[in-house]
Amino acid sequence: MLSSGLQFGIYPLSVAGTPAGLAVGPQDNYEQIQMALKRLRGESKSLLPRIYLVYTGPADSEEKLLSIVEKYVRLGLMGDLVVGSLAPNIEMNHWLALIRKIIREYGSYIDSLQITNEPNLSFMDGSNPNILPLLVQGVIAAKEEAEAANVRVDIGFGSVPDNGPKVVPHFWENLAEIGGEVFIDSLDYVAHNFYVDVFEPPLSLEKVPSSVEDFLRRFREVNLRTAGIPDSIPIRITENGWPTGKNPFVGKDRSYEHQSEVLETIIRTVYNLRQELNITHYELFGLRDADSSKDDLFHQFGIMRDDYTPKPAFYTFQHLIQELGI
């Protein structure tokens with residue numbers, strides 16, 4: 001039986017991570033964010049805000065990190081929460097205590113808790129040599145705490161495609177070795193961040209659907225099965241987007257109009273694959289540009305400019321939420 005539709009989500013903030021640091025620009029305007037999210041979801045659909053919490057080192061105390069969660073709960077922007085770690089020296093007890101406390105104090109405000117963002121990417125969470133134990137034990141602890149607190153929070157972990165030069169080698173084989181039955185039983189989903197026609201020479205629009213399918217089919221049929229994760233565990237697409245600005249490979253502009261066309265093509269392809277590959281969510285990166293005055297790809301991922309004026313893709317995403325969303 002076909003699912004009724006996709007659960008849509010979106011990264012609502014402006015800062016974007018890059019291999020060289022952060023892409024930043026004008027400050028977030030939370031009133032404008034709320035207005036934009038309301039316009040996208042309309043009166044009858046849901047739209048999950050996606051928020052990132054990253055432990056980067058000893059200066060990130062538990063109190064500091066929890067205050068960030070509190071801020072976005074207060075602003076009504078808590079939905080899909082990601083907890084990642086870029087710090088090689090984090091102690092397991094501190095990591096698990098943070099995860100458990102998030103569940104205990106904020107579980108009723110959270111739809112899902114993703115343990116690690118990109119653990120198989122060598123310059124993100126995968127830069128931490130202890131990331132696999134942190135991932136596995138974090139998932140188990142989160143599920144235990146959610147059950148103990150009697151709150152419904154879906155628990156998962158993140159990933160990226162395994163075909164790039166910066167991926168962590170043998171990640172899925174190593175996860176299979178240390179995961180185990182309790183880990184698999186604790187999983188409600190596996191998250192996947194992937195980008196088509198962004199970090200490589202441009203594709204024609206006609207080739208985008210086959211590229212999307214290749215990414216997702218390899219993830220389900222190769223990566224997850226290598227890790228021993230059954231097909232019954234849903235996939236959530238938790239980062240996907242297409243930037244405007246200058247294409248760094250050919251120097252041509254990525255137009256606002258083509259952004260709209262590519263995103264619609266990707267989302268409809270995901271929708272058509274949702275039953276076969278057990279895909280339940282699509283979350284867009286992201287709502288607004290980090291800085292619309294800079295034409296590099298990391299500053300212009302938004303479907304709105306940095307002053308919150310819509311690009312054509314805003315209206316396309318709005319329509320797709322109404323047509324295909326739940």
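Look above for the structure.
These numbers were taken from a predicted model, which means no experiment stands behind them.

Novice: Help me understand the pairing of strand β9 (residues 235-240) in this model?
Specialist: Looking down a regular strand, the side chains alternate between one sheet face and the other. Burial runs high along β9: 6 of the 6 residues are buried. As judged from the 4 bridges shared by strand β8 (residues 189-193) and β9, these two strands associate in the parallel manner. Across the sheet, His192 pairs through a bridge with Ile237, a residue of β9. Of the crossover connections in this fold, the one passing from β8 over helix α7 (residues 208-226) to the parallel β9 is right-handed. Direction of pairing for β9 relative to strand β12 (residues 279-284): parallel, over a ladder of 4 bridges. Across the sheet, the residue bridging to Ile237 is Tyr282, located in β12.

Novice: Got a minute to help me understand the nonpolar core in this structure?
Specialist: The tendency in soluble globular proteins is for nonpolar side chains to be buried side by side. In this structure, Tyr282 and Phe317 are the most contacted members of the largest nonpolar core, which totals 98 residues. The element contributing the most residues to this core is helix α4 (residues 131-149), with 10 residues. Not counting residues up to four positions away in its chain, the partners in contact with Tyr282 are Leu6, Gln7, Phe8, Gly9, Ile237, Asn240, Leu263, Ile266, Ile267, Val270 and Phe317.

Novice: Explain the side chain of Lys311 to me, please; I cannot follow it from the model alone.
Specialist: Tracing the backbone shows Lys311 in the loop between β12 and α9 (312-324). At 2.8 Å, the side chain of Lys311 forms a polar contact with the side chain of Asp289.

Novice: Whenever I open this one, helix α8 (residues 256-273) confuses me. Can you help?
Specialist: The periodicity of an α-helix, 3.6 residues per turn, causes residues three or four places apart in sequence to face the same way. With 18 residues, α8 ought to run about 26 Å at 1.5 Å a step, and its terminal C-alpha atoms sit 26 Å apart, in line with that. The complete set of buried residues in α8 reads Gln259, Ser260, Val262, Leu263, Thr265, Ile266, Ile267, Thr269, Val270, Tyr271 and Leu273. Tucked into the core, α8 has its buried residues touching β1 (7-10), α7, β9, β12 and α9.

Novice: In this structure, what is going on with the sheet that holds β8? I would like to understand it.
Specialist: Sheet strands pair via backbone hydrogen bonds, and the direction of the pair is either parallel or antiparallel. Strand order in the closed barrel formed by 8 strands is β1-β4-β5-β6-β7-β8-β9-β12, and the pairing between neighbours is parallel. On average, each strand axis in the sheet is inclined to that of its neighbour by 25°, with strand direction left out of account. Against the sheet, helix α2 (residues 62-74) contacts β4 (47-55) and β5 (80-85), and its axis sits at roughly 165° relative to β4.

Novice: Can you help me understand the environment of Gly9 in this one?
Specialist: Assignment of secondary structure puts Gly9 in strand β1. With residues near it in sequence (within four places) discarded, Gly9 still touches Leu47, Leu48, Tyr282, Glu283, Leu284 and Phe317.

Novice: Would you mind going over the pattern of salt bridges with me for this structure?
Specialist: Once their charged atoms are close, side chains differing in charge can pair, the charge on each being opposite to the other. For the coordinates displayed, the defined rule picks out 21 salt bridges. For Lys143, the salt bridge goes to Asp188, with nearest N and O atoms at 2.6 Å. One end of the pair, Lys143, is in helix α4; the other, Asp188, is in the loop between α6 (180-186) and β8, and 45 residues separate them in sequence. In this structure, Glu323 and Arg268 form a salt bridge, with 2.7 Å as the shortest nitrogen-oxygen distance. Placement of the pair is Glu323 in helix α9 and Arg268 in helix α8, with a sequence separation of 55 residues. Look at Glu323 and you get partly exposed, because its relative accessible area is 40%.

Novice: Any chance you could explain the packing of helix α1 (residues 30-41) against α9 here in plain terms?
Specialist: When two helices pack together, their arrangement is given by the angle between the helix axes and by the axis-to-axis distance. Look at α1 against α9: their axes get within 7 Å of each other, and the N-to-C directions meet at 50°. Accordingly, the angle class assigned to the pair α1 and α9 is oblique. Of the residues in α9, those in contact with Ala36, Arg39, Leu40 and Arg41 of α1 are Phe314, Tyr315, Phe317, Gln318, Ile321 and Gln322.

Novice: Explain unusual backbone geometry here, please?
Specialist: In this structure, the amide linkage connecting Phe285 to the following residue, Gly286, adopts the cis form with an omega of -5°. Even without being glycine, Thr116 reaches a positive phi, approximately 80°. Within the secondary structure layout, Thr116 lies in the loop between β6 (112-115) and α4.

Novice: Would you explain the packing of α7 against α8 in this entry?
Specialist: Interaxial distance between α7 and α8 falls to 9 Å at its minimum, and their mutual angle equals 50°. On the basis of the axis angle, α7 is oblique to α8. Between α7 and α8 lies a crossing whose hand is right-handed. Counting all contacts with α7, which are made through Val208, Pro209, Val212, Glu213, Leu216 and Arg217, the residues of α8 involved are Thr265, Ile266, Thr269, Val270 and Leu273.

The rules behind the values
Residues numbered from 1 in each chain as written. Predicted model: local features only at pLDDT ≥ 70, side-chain atom pairs only at ≥ 80, totals over all residues. Heavy atoms only, no water. Buried < 20%, exposed > 50% of the residue type's maximum accessible area, 1.4 Å probe, protein only. Helix = DSSP H or I, 4+ residues; strand = E, 2+ residues; numbered from the N terminus. Pairing = 2+ DSSP bridges. Right-handed = clockwise from strand over helix to strand, strands pointing away. Core = buried A, V, L, I, M, F, W, Y, C linked by side-chain atoms within 4.5 Å. Contact = heavy atoms within 4.5 Å. Polar contact = N/O pair within 3.5 Å; in protein donor to acceptor, adjacent residues only side chain to side chain. Expected span 1.5 Å × (residues − 1). Axes fitted to C-alpha atoms, helices over the stretch in contact; angles between N-to-C directions. Salt bridge = Lys/Arg side-chain N within 4 Å of Asp/Glu carboxyl O. Parallel < 35°, antiparallel > 145°, perpendicular 65-115°, else oblique. Left-handed = near helix turned anticlockwise from the far one by under 90°.

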